[in-house]
Every structure is written in C-alpha cells, then in structure tokens.
Amino acid sequence: MSELSVPNLKRKFELQEFIPLVRKQKKVILGFIATVLGTVLIGSLLTPKIYEASALVELFPRTGQEVQTQEVVDLNSNSYYEFRDYARGELQVLSSRSLLGKVIRRYNDLGFDDYTPEQEDLLRLQENLHVEPVKETRLIKISVEHQIPENSAIITNLVAEVYREQNLGIRRDASEDAKIWLQEKLEEYDARIKLTNQSLLQYREQNDLLDVEGQLNELSTRLAALNTAHGELAAQKSIQEMSLASHRKLLKASRFNELANIYQNATLSKLSEEYAYALTEKAQLQTKYGDKWPKLRQTEDRIDRIEALISTEVQKSYEAEMAGFQEVSSQLQNLENQINSVEEELLSRQKLKVEHDQIKQTLERYEEFYNTLSQRNNELDLSSRTQLNNVRIVDKALVPDHPIKPRILLNMVIALVIGVVGGIAFGLFQDHLDDSIGSPMDVQSYLKVPFLGHIPKLPEGAVSESPGLYTYHNPRSLLAEAVLSLRTLISLNREHQEYRRLMVTSAAAREGKTETSVRLAIAFATLGKKVLLMDCDLRKPRIPEIFNMPNAMGLVDILEDQVSIEEATMSTEVPNLDILPSGSHVEQPNQVLAIPSMEKLLNDLESRYDILIIDTPPSADLTDAITISKMVDGVLLVIQHQVVSRMIVQRMIERLRQVDAKILGAVLNCVDLENTTSRYYYYYGRYYYGYGYGYGYGYGYEPEEGNQPPPAKDGGAVA
C-alpha cells in the first residue's frame, strides 16, 4: 500500500520566515539595539572633539629637471603615470620624520609645547597628519587633526611651508651639483669625439673602404648570377637523376624493349623492327604448322639473337646517359664552389662595413649627446638665476569651525545597523537551538515523511464537556474543518485504496494523539461509515474517559477470552461510532498486544466495521505501538507544534521503519494560528483567517492533553 500523495514542500529562503522570528525575539532585539545605541552615544559624547585643517599645494614635476637629456627622458612629456609615481614619492616626503622634525621645531618657536621633537611626538604627529593627492589634478591635500582648531591650522600651514622651502633648497643644491657635472661631461665627450673621428679615418684607409657600397653591389650582382645558373643546372640534374632511377629499375628487370623505345636511336629502332617482324613470323608459323615445325625453331633462335643485341645496345645507351649525368654533377659542383667563394668575400666586406658603421654611429651619438649637454648647460644657468620651485602653496589652512570627530549621527546610524543585525543574528541563534517541529517544511526536511495537515488549538473561551468531542459539538469550527481536511487526505490515496486500519501514535506523551484519534473517528463516522475506536493504550487509557464511559472490560478481556466482542464494544452518542476500551489492567501490555490472537481479533473487527481507528501509546521509547504497526494499513503520526524535540520524533520514525510500518504521514497538533510570532502563522494562519473562520460557539471547555502547558523539550515522562 503506497503512501499518501501530498504536496512536496521544499525548504527555500523566504523573507516572511524572519518576520515571526523578529516578533518572537523583539524584546531581545530591541534590548540589543538599545544597548548598542546607548553605548555608542555615551562613548561619542565622552570622546574629545577633534578639529581638522587642510591646505592645498600644487606640484610641477618637470621644474628643475635640467640635467636629464632626451636619451634618458622626454622633457616635453608630462604623462599621468609619471606624475602619479612622482606624487607617491612626495607623499612619503611630506610625512617623513625629518620634515616633521623641522615643523615641530618651528611650532615650538611660536610658543607651543604640545609637540616636541621626541620620537613619541613625531609618531603622534605622523598619525594626525594626512596627505593625499586630489584625483585627476596635480594638487596634494595636507590635513592635520588637533583638539584645538587654531593649532590644527598652524601646524598644517607649517608643514606646507617647510615642505616648499625644503624642496626649493633641494633644487638649489641640485643646480649647483648639476653645473659641475655638466662641465665634466662636456670635456669628456669632446675628447671622445676627437678620438673616435680619428679612429674612423684610420679604419677606412686600412681596409680599403673608400667605396664600400660599390664593392658590395658588385659582389651581390655576381652572386645573384651564379645562384641563377646554379638553380637551372640543379633542376637539370634533378630531372636526369629521376630518369636514371627509372631506367635503372627497367634495366634490373630486363625490360630492354621498353628501354629501347625510350632511348630511340637508329640502331635500337632497326633492332626493334626486326624483333617485331620475327615475333609476327613466329606467330604465323605456330598458327599454320604448330609448335613442332622445324622452321619455328630457327625463328625463335633469331628472336633470341635480336633480344641479345637490343640488351647490349640498351646497356650502351644507359652508360652514355650516366656519363652525361656525371658531367652535369661536375658542373654543378664547380658552380657551388664559385658561389661559396663569392659569399665569403661578400660576408667579409659586410663585416667590415658593420664595424665601420658602428664606429660612425658612436661618433654621431657622442656629437648628439655633446650638443644636448651644451643646451642643458645654458638652460641650467638661466634656471639657477630664477630659482624655480616645483611646489606652490595654492590654499593655506583656515581655522576649522566645527569638529570632524566624533561623528555622532554617523556613529548612531552604524550602531543602529549593528544593533539590528546583531539582534536578528542572536534571534537566529536562539531559533537554531530550538529543534522542535514548527512548520510543514520541518516535517519534510527533518522527518522525511509526508505532511498531512495541522490541527489548531482550541480557541480561548471555548467550553465543552470533553475537548475530544469539541468537533462533534462544533462541526463548523476551524478545528472541525482541519480534522475533515485530514480525513479527506487519508481517504484519497494515490492508488484509490481505502485504509481500513489506521493507527494513531506520537513520539512522547501529552501530544494530543488520543484527542486526534477521537476527532478522526468522529469525522469518518459523519460520512455514514461504521467506525470502531480502539483504545490500545493499555498503560494510560483515556478514550472511555472522553466519552464518559466505564473501562471495566475491553480489548484485554477479549484477548484473554473473558468476554465477546459484542460485550466489550460500546456505542457512543456519535452515530456510527463505537469504542472498544482497553479493559482490564495488565502488567506487560506489549506482550499482550503481540500475541497471535491480536491479529485474529483485528480481522474479526474489520469484518464488522468499515474503519478501525487504533489509539496507541507513545512510540519513541515503548514497543506497544511498534508491535501494532505491523498489523495496520497505515500509521498516522501526531506531533505537538513546537514542543517535542525532532530527535525524539526521528527516533520514533526510525523504529517504525525498522519493522516496515506503513507511515501515512504526520499532522501538527495544537497549532496556534493567532500567534503571529509562530513560523506556522505565515504558512496557514493568515490564509485561514482570510476565509472568515471564527470561534465562539459557547460550549464548555476543559484543557486536553495537546492543549495543556507544553512539557519539557525531551517530551517529558512517558506513561
């Protein structure tokens, strides 16, 4: 018998899953947020105010680079990448200890003593100093933080001024050093030019290079003619070589007649004609007189002589062809020797020309470098007189009118974000610690069984003589509708087969399985089916109590042959519904239910009733229900919503599967659909209320097992 066909609820992320969590943990979240906000606010108010003053300086990286020549750097270019690298170095200079030491000494000269040249104060000033380039400009922003606004402006301006003066001094010293270096280099390159020019003239005379270009052209023309002749002769040799190879194969195969046709000289032509005439004569004699005619032998001898003559003549022609091939090979070798000789002479002249050109290029380079140095020397004289500086102060620092720290508003926003995220994270952690079954997804994700539906808890103020009979007295209530939905889902299975024996159990006590059994039996009875509700909980029977009937005799008494089925079963106020109490008390209930007569009794009862609803003890630790599960068509699991640990329920399901019990699925009991902090509310509660279901029928009400205060997470003591 197959399991019920139910929707497959896959676990996926949904925003509404967090809403009940936030509502459930709102006190914790709000407390966390308040703590973080309060801490940050107090810390911000107690933090000293920090002011920041800023100045702008502009860099001109090309100013003062008088010594560099065009061989080293292009003085007319001013690329972005070059300035970026230059600016990075200047940023390090601005925050260097040597520059800040000068700033502190000037600061002390103005009468301030909160900074000293000591190492500790230098490091502190470095921390309070911020230098950064302004994007896509040649500007650098210098900022200094200080608790006194006036002092922050003073120190910032001192940093900019000392940096400008220091840079100007470096430029002045560099100009003096450059002038000395340029004079030395001019004298050095003047001597090199004279020496290289003399060496070039001597080299030309020694190697006869007065007309080196003409000599190279003549040799190249001669070499080209030799290569052309060599190519033609090599092609001729290749053709002769292939012909000889072909003729050699025919000669080795004694195919002289074919060779005779190839060579085509007068002798071979005459012999070929005689050979053909003799063959014709032989054929005629054989046809006319037969193979034994005497003259036929003479004709054959003449054919053999002609073949010998053809062979001799062909051999002579092949030898003549071979002699011609050797003559061509000799001529080709002679050409190759001439080509090698011309190539060697041409290569020698080219090497001489290369050395000549190298000396000439060296001379030209010396002359060009000398001219460049002369030009830079003139420019250096001019720049040293004007004292150019590549640093210009664009804006001096002004006294700030408001602090930059603490940023109370920003701190509070960050604190709010941290509080919200931290509070939700703490709520998620607490939810993770809660391993109870709280939603349809939990049933399928953790228990791996079909989810059949839910049974809501009794509404507040509902009154009934017995909670188990509430659905009978209130057939239009939300609780009754949920039970009818469960009945419909059980009745309509995939193979359209009817379940006759239904066992109802739970993992732990006080989960409402007995009330569920009663309500399910009432639901089937309202269809006109004859239903028997069996109380197989021999440890704590409650079905007779729900119907206000005695438990004097019942199932145990029938199994012990003390009473008949008719005597033990009792009719109830619900039409078509009878009950079979547990009967007399026994010491070992699991052994009573395991006897063979139990199966026989179920068969007998099945012949009398349309449906048997069997209420059993909890299954996680007891074997009573495990024993009965092998005798029924299907097992219905009752799980109290967000109460019992899923580990206990998983243990119950594992025990049932070990005996191949047919588990129909699970139903969540005592679901509070009005509780918006419940995860289940977002799956079913809001939709049920949208259909206008309500309570308030005014019947008496007493708490049932599944609606009493929840037990401990481990399911409590099982009775």
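Predicted, not measured: the structure shown is a model, and the values here were computed from it.

Asks: Please clarify how the overall build of the protein chain should be interpreted in this entry.
Replies: Tallying secondary structure elements over the protein chain gives 23 helices and 12 strands in all. Looking at the protein chain as a whole, 43% of its 719 residues are labelled buried.

Asks: Honestly, the packing of aromatic side chains in this entry has me stumped. Any pointers?
Replies: Aromatic ring pairs are defined here through the distance separating the ring centres and the angle between the ring planes. Applying the stated criterion across every chain yields a total of four aromatic pairs. Ring plane angle 10° and centroid distance 4.8 Å describe the contact between Y107 and F112, whose orientation is recorded as stacked. Y107 gets classed as buried once you look at its relative accessible area, which sits at 1%. Between the aromatic rings of Y189 and Y366, the centroid separation amounts to 5.7 Å while the plane-to-plane angle is 70°, which identifies the pairing as edge-to-face. Here Y189 is found in helix 6 (residues 149-206), whereas its partner Y366 is found in helix 10 (residues 294-386), with 177 residues between them in sequence. Neither Y189 nor Y366 differs from the other in exposure class; each is buried. Three or more aromatic residues joined by ring pairs form one cluster here, namely Y107, F112 and Y115. Here the guanidinium or amino end of R192 rests over the ring plane of Y189, the centre of that ring lying 4.8 Å away. One Lys or Arg, R646, reaches over the ring of Y446 and ends 4.0 Å from the middle of that ring.

Asks: Mind showing me how you'd approach the sheet that holds strand 3 (residues 139-146) here?
Replies: By way of backbone hydrogen bonds, the strands of a sheet pair with one another, either parallel or antiparallel. Judged by pairing direction, the sheet is antiparallel, and its four strands sit side by side in the order 2-3-1-4 without closing on themselves. Both outer strands of the open sheet, strand 2 (129-133) and strand 4 (391-395), are each paired with one neighbouring strand and no more. For this sheet, the mean inter-axis angle between neighbouring strands, taken without regard to orientation, is 30°. Note: strand 1 (residues 51-59) against strand 3, eight bridges, orientation antiparallel. The partner of S54 across the bridge, within strand 3, is S143. Of the strands in this sheet, strand 2 and strand 3 are in contact with helix 5 (residues 119-128), which crosses strand 2 at around 40°.

Asks: I would appreciate a short explanation of helix 15 (residues 513-525) in the present structure.
Replies: Structurally, the α-helix is built with 3.6 residues per turn, so residues lying three or four positions apart point the same way. End to end, helix 15 covers 18 Å across 13 residues, agreeing with the expected 18 Å (1.5 Å per residue, within 8%). Most of helix 15 is tucked away: 13 of the 13 residues are buried.

Asks: Quick question: what am I supposed to make of the nonpolar core here?
Replies: As a rule of thumb, soluble globular proteins bury nonpolar side chains together. If you look at the biggest cluster of nonpolar residues, it comprises 53 residues, and the most contacted ones within it are M534, L555, M598 and L605. Ranked by residue count, the leading element in this core is helix 22 (residues 646-658), at five residues. Apart from the residues within four sequence positions on either side, M534 is in contact with I543, L555, L580, M598, L602, L605, I613, I614 and D615. Core analysis: the second largest hydrophobic core is formed by 33 residues, L458, L469, V504 and I579 among them.

Asks: Before we go on, may I ask you to explain helix 5 in this structure?
Replies: Of all the residues in helix 5, the buried ones are D121, L122, L125 and N128. All buried residues of helix 5 project into a common sector of 125° when viewed along the axis, lining one side. Within helix 5, the exposed residues directed more than 90 degrees away from the buried face are E120 and E127.

Asks: Just to check I follow, could you spell out the pairing of strand 6 (residues 501-506) for this structure?
Replies: For a regular strand, the rule is simple: side chains alternate between the two faces of the sheet. Burial of strand 6 is extensive: six of the six residues sit out of reach of the surface. Here strand 6 shows two buried faces, one formed by R501, M503 and T505 and the other by L502, V504 and S506. As defined by bridge partners, strand 6 adjoins strand 10 (residues 611-615) across four bridges and the pair is classed as parallel. Counterpart to L502 in the pairing with strand 10 is I613.

Asks: When you look at the packing of helix 4 (residues 97-109) against helix 5 in this model, what are you seeing that I'm missing?
Replies: Each pair of packed helices gets described by two things: the angle between the helix axes and the distance between those axes. Direction vectors running N to C along helix 4 and helix 5 enclose 100°, while the axes themselves pass 10 Å from each other. When the axes of helix 4 and helix 5 are compared, the pair comes out roughly perpendicular. Along the contact surface, helix 4 presents R97, L100, G101 and I104, while helix 5 presents Q119, L122, L125 and Q126.

Asks: Is there a simple way to explain a nonpolar patch on the surface in this structure?
Replies: Together, F32, L410, I414 and I418 give the surface a local cluster of nonpolar side chains, amounting to about 330 Å² of exposed area. Broken down by element, the residue count for the nonpolar patch peaks at three residues, all from helix 11 (residues 408-433). Relative to the helices and strands, I418 is located in helix 11.

Asks: I'm lost on the sheet that holds strand 9 (residues 577-580) in this one. Help?
Replies: Taking strand neighbours across the sheet as the criterion, the eight strands line up as 5-12-11-6-10-7-9-8 in an open arrangement whose pairing is mixed. In the strand order of this sheet, the two ends are held by strand 5 (451-456) and strand 8 (570-571), each with one partner. In the sheet, strand 6 pairs with strand 11 (residues 634-640) via five bridges, with the strands oriented parallel. The partner of T505 across the bridge, within strand 11, is L637. In the packing of helix 14 (residues 478-491) onto the sheet, contacts are made with strand 5, strand 6, strand 11 and strand 12 (663-671), and the angle to strand 5 comes to roughly 165°. Of the strands in this sheet, strand 5, strand 6, strand 7 (531-535), strand 9, strand 10, strand 11 and strand 12 touch helix 15, which is tilted by about 170° from strand 10.

Asks: How should I be thinking about the pattern of salt bridges in this particular structure?
Replies: Where charged atoms of side chains with opposite charge meet at close range, the side chains can pair. Taken as a whole, this structure holds 18 salt bridges when the rule is applied. A salt bridge links E58 to R138; its shortest N-O distance comes to 3.5 Å. Of the two residues, E58 sits in strand 1 while R138 sits in the loop between strand 2 and strand 3, which places them 80 residues apart along the sequence. Look at E58 and you get buried, because its relative accessible area is 12%. Between R164 and E161 there is a salt bridge; the shortest N-O distance is 2.8 Å. On the criterion of helical spacing, the pair formed by R164 and E161 is a turn pair, its members being three residues apart in helix 6. Counted as one network, the salt bridges with shared partners bring together E58, R138 and R392.

Asks: Sorry if this is basic, but what is going on with the confidence of the model for the protein chain here?
Replies: Any region with low pLDDT has predicted coordinates that should not be read closely. Residues with a pLDDT of 70 or more make up 83% of the protein chain, whose mean pLDDT is 79. The secondary-structure element of the protein chain with the lowest mean pLDDT is helix 23 (residues 685-690), recorded at 44, while strand 9 shows the highest, at 96. Segment residues 5-11 is flagged for pLDDT under 50; beyond a separation of four residues in sequence, or across chains, it makes 19 contacts in the model. Low pLDDT (under 50) marks residues 682-719, which in the prediction has 103 contacts with non-local residues, meaning those over four places away or in another chain.

Asks: Can you walk me through unusual backbone geometry in this structure?
Replies: As a rule of thumb, non-glycine residues mostly have phi less than zero, and peptide bonds are mostly trans rather than cis. Omega for the peptide link from K405 to P406 comes to -5°, which places this bond in the cis form. Its place among the elements puts P406 in the loop between strand 4 and helix 11. For D561, which is not glycine, the phi dihedral falls at a positive 60°. For D561, the position within the fold is in the loop between helix 17 (555-559) and helix 18 (565-568). The backbone of N576 shows a phi angle near 70°, a positive value even though the residue is not glycine. With respect to the helices and strands, the residue N576 is situated in the loop between strand 8 and strand 9.

Asks: I tried to follow the environment of Q119 on my own but got confused; where do I start?
Replies: As for its placement among the helices and strands, Q119 is situated in helix 5. We classify Q119 as partly exposed; its relative accessible area is 43%. Along the sequence, Q119 and G101 sit 18 residues apart, while their C-alpha atoms lie 9.4 Å from each other.

Here is what the cut-offs are and how they apply
Residues numbered from 1 in each chain as written. Predicted model: local features only at pLDDT ≥ 70, side-chain atom pairs only at ≥ 80, totals over all residues. Heavy atoms only, no water. Helix = DSSP H or I, 4+ residues; strand = E, 2+ residues; numbered from the N terminus. Buried < 20%, exposed > 50% of the residue type's maximum accessible area, 1.4 Å probe, protein only. Phe/Tyr/Trp six-rings, centres within 6.5 Å; stacked < 30°, edge-to-face > 60°. Lys NZ or Arg CZ within 6 Å of the ring centre and 35° of its normal. Pairing = 2+ DSSP bridges. Axes fitted to C-alpha atoms, helices over the stretch in contact; angles between N-to-C directions. Contact = heavy atoms within 4.5 Å. Expected span 1.5 Å × (residues − 1). Core = buried A, V, L, I, M, F, W, Y, C linked by side-chain atoms within 4.5 Å. Arc of directions from axis to C-beta. Parallel < 35°, antiparallel > 145°, perpendicular 65-115°, else oblique. Patch = residues over 30% accessible without salt bridge, like charges linked within 9 Å, V, L, I, M, F, W, Y side chains within 5 Å. Areas by Shrake-Rupley, 256 points an atom, 1.4 Å probe, with all protein chains shown as cover. Salt bridge = Lys/Arg side-chain N within 4 Å of Asp/Glu carboxyl O. pLDDT = per-residue confidence, 0-100.

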